[in-house]
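One-letter residues, chain by chain:
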Amino acid sequence: MGEITGKDVCILIPTLNEAKNIERLIVEFKEMGYENIFVIDGHSTDGTREIARSAGATVVTQEGKGKGSAIKEAFNYIESPYAIMIDGDGTYEPKDMLKFLKPLEEGVDHVLGNRFEDYEKGAFTRFNLLGNRILNKLFGFAYGIWLNDILTGYRGFNMRNIKKLELNEKGFGIEAEMTAETIKKGLSIREIPIRYLRRRGDPTKLHPIKDGITIATTIFKLAKHHNPLFYFGMIGVATALAGILLGIYIVDEWLKGIEHIPLTILTTLLIVGGVQIFIFGLLSDLIVTLHRETMRLLQQKEEKK
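### Comments concerning the sheet that holds strand S1 (residues 9–15)
Working step 1: Spatially, S3-S2-S1-S4-S6-S5-S7 is the arrangement adopted by the 7 strands of the open sheet, whose pairing is mixed. Single-partner strands in this sheet number two, and they are strand S3 (58–61) and strand S7 (189–196). Adjacent strand axes in the sheet meet at a mean angle of 25° when their direction is disregarded.
Working step 2: When strand S5 (residues 110–119) meets strand S6 (residues 155–158), the two strands line up antiparallel, connected through 3 bridges.

### Quick look at helix H9 (residues 228–255)
Working step 1: Spanning 28 residues, H9 covers 40 Å between terminal C-alpha atoms, matching the ideal 40 Å at 1.5 Å per step.
Working step 2: Among the residues of H9, Pro228, Phe230, Tyr231, Phe232, Gly233, Gly236, Ala240, Gly243, Leu246, Gly247, Ile250 and Glu253 are the ones counted as buried.

### Description of the pattern of salt bridges
Working step 1: In total, this model carries 14 salt bridges according to the counting rule given.
Working step 2: Where Asp87 meets Lys67, a salt bridge forms, and the shortest distance between an N and an O atom there is 2.8 Å. Residue Asp87 is located in the loop between strand S4 (82–85) and helix H4 (98–105), and its partner Lys67 is located in helix H3 (residues 67–77); the two are separated by 20 residues in the primary sequence.
Working step 3: By relative accessible area, which is 14% here, Asp87 ends up buried.
Working step 4: Each of Glu166, Glu181, Lys184 and Lys185 takes part in one network of salt bridges that share partners.

### Here's the deal with the packing of aromatic side chains
Working step 1: Under the defined criterion, the tally for this structure stands at 14 aromatic pairs.
Working step 2: Taking 5.3 Å as the distance between ring centres and 55° as the angle between the ring planes, the aromatic pair formed by Tyr92 and Tyr196 counts as tilted. Here Tyr196 lies in strand S7 and Tyr92 lies in the loop between S4 and H4, a separation of 104 residues in the sequence. Take Tyr92 and Tyr196: they sit in the same class, and that class is buried.
Working step 3: Through a chain of ring-to-ring contacts, the aromatic side chains of Tyr92, Phe100, Phe116, Tyr119, Phe124, Tyr154 and Tyr196 assemble into a single cluster.
Working step 4: Positioned above the aromatic ring of Tyr196 is the side chain of Arg115, whose terminal nitrogen or guanidinium carbon lies 5.3 Å from the ring centre.

### Quick word on helix H7 (residues 174–184)
Working step 1: H7 sits mainly inside the fold: 10 of its 11 residues count as buried.
Working step 2: When we look at burial in H7, the residues that qualify are Ile174, Glu175, Ala176, Glu177, Met178, Thr179, Ala180, Glu181, Thr182 and Ile183.
Working step 3: Positive backbone phi, at 75°, marks Gly186, one or two positions downstream of H7.

### Notes on the side chain of Asn227
Working step 1: When you line up the elements, Asn227 lands in the loop between helix H8 (208–226) and H9.
Working step 2: A polar side-chain atom of Asn227 sits 2.9 Å from the main-chain carbonyl oxygen of Ala142.

### Focus: the nonpolar core
Working step 1: The biggest cluster of nonpolar side chains holds 32 residues, and the ones touching the most others in it are Val9, Ile11, Ile13, Ile26, Met97 and Tyr154.
Working step 2: When residues of this core are traced back to their parent elements, those giving at least two are S1, helix H1 (22–31), strand S2 (37–41), S4, H4 and S7.
Working step 3: For this core, the element with the highest residue contribution is H1, accounting for 4 residues.
Working step 4: Setting aside anything within four residues of it in sequence, one finds Ile26 in contact with Ile13, Ile37, Val39, Ala52, Ala55 and Ala57.
Working step 5: Core analysis: the second largest hydrophobic core is formed by 20 residues, Leu12, Ile40, Ile78 and Leu187 among them.

### Topic: the environment of His225
Working step 1: Note that His225 resides in helix H8.
Working step 2: For the pair His225 and Asp87, spaced 138 residues apart in the sequence, the C-alpha separation amounts to 29 Å.

### Considerations on a nonpolar patch on the surface
Working step 1: Residues Leu241, Ile244, Leu245, Ile248, Ile271, Val275, Ile279 and Leu283 make up a contiguous nonpolar surface patch of roughly 700 Å² in combined accessible area.
Working step 2: Of all the elements in the fold, those that place two or more residues in the nonpolar patch are H9 and helix H10 (261–304).
Working step 3: The residue Leu283 is located in helix H10 in this model.

### Quick notes on unusual backbone geometry
Working step 1: The phi dihedral of Asn17 falls on the positive side, at around 55°, and the residue is not glycine.
Working step 2: As for its placement among the helices and strands, Asn17 is situated in the loop between S1 and H1.
Working step 3: Asn17 sits in the partly exposed class, given a relative accessible area of 23%.
Working step 4: Of note, His43 is a non-glycine position whose phi angle comes to about 65°, a positive value.
Working step 5: Relative to the assigned elements, His43 resides in the loop between S2 and helix H2 (48–54).

Parameters and conventions
- Residues numbered from 1 in each chain as written.
- Predicted model: local features only at pLDDT ≥ 70, side-chain atom pairs only at ≥ 80, totals over all residues.
- Heavy atoms only, no water.
- Pairing = 2+ DSSP bridges.
- Helix = DSSP H or I, 4+ residues; strand = E, 2+ residues; numbered from the N terminus.
- Axes fitted to C-alpha atoms, helices over the stretch in contact; angles between N-to-C directions.
- Expected span 1.5 Å × (residues − 1).
- Buried < 20%, exposed > 50% of the residue type's maximum accessible area, 1.4 Å probe, protein only.
- Salt bridge = Lys/Arg side-chain N within 4 Å of Asp/Glu carboxyl O.
- Phe/Tyr/Trp six-rings, centres within 6.5 Å; stacked < 30°, edge-to-face > 60°.
- Lys NZ or Arg CZ within 6 Å of the ring centre and 35° of its normal.
- Polar contact = N/O pair within 3.5 Å; in protein donor to acceptor, adjacent residues only side chain to side chain.
- Core = buried A, V, L, I, M, F, W, Y, C linked by side-chain atoms within 4.5 Å.
- Contact = heavy atoms within 4.5 Å.
- Patch = residues over 30% accessible without salt bridge, like charges linked within 9 Å, V, L, I, M, F, W, Y side chains within 5 Å.
- Areas by Shrake-Rupley, 256 points an atom, 1.4 Å probe, with all protein chains shown as cover.

And the structure:
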C-alpha cells in the first residue's frame, strides 16, 4: 500500500440536526487539506444541510430513516479508495483522523477509533460506560474477538473491501453490525486510540436503554451465522434453566403434598428442549467450521492460479 493523500480519502459525516457543530467540523477538515467531504443528512430541520453546503461539503438527503440507512446509502455514493466516517455532533476531533491513515496504508480494512483511551470528563455517564462495557463483552463472547469500542462513530474504511459488507440495520445497531460483518467476511480490523469530547449543543439522540437493547439484540442475532454455538447455546441454556427452576418449585410443592401434573410436563419439555437446542448449536458450529475451512482452501486454490 502506498501513502494515502487527501485526494484518496472521503470524509463521511452522517448528520441529523447538527447545525451547531457541522460548519466547524467541515472547516477543520478542509484546513487539513481534505476537500472531499460528504454529508449524508437524515432530514434535518435546523438548517444543517444548508450550513454544510455553504461550508463546501457535498450534501445528500438520505432516502430512508435512521443512521444505518444513511451509512448504507452513503457507501453507494463514495468512489474514493478510502473513507473516514465521523459523527457530526462535535464529539470527535478531526485531527485524530490522521491516526487512521497508517493502518489503512498497511492494508487494514476497517479501523475503529477507541473512545475509552482518552475521553473528556462528562463525555460518558456511568450508565453509558457500564452499557458499553457489557456490549463489548457480549460481542467478544459472540465473535471471539475482544475489542474495546465496537460502537464508536469514528471509523476508517478501505472502501474496496468494506463494500462487501451485507448491512441491514437501519438505526444505531449499524456500528455493531459493521464490526460484526467485518469479522464474518474475514476482513482485517484494528483499533486506535482517539480523543472523545462531551457533546456540545443538543442532547444525544441515543436512548441508552432502548438503543442499548437494540444493539445487544443485533449482536446476538448476527452471531447466529458466525457463532451458532453461542447463539443456540444461550437459548438452550436459558430454556433448560427455566425448566430446572420450575422443576425445583414443583418438587417443593410435591414435598408438601401438592401435585402439578401440567407443570411437570412443561418442566420436562423445557429441560429436554433446552438440551436439544444446545446440541443443535454444537452441530451447527461444526457445519460452520467445515464451511470456513472449505472456503479457505478454495481461496488458497484461487490465489495459486
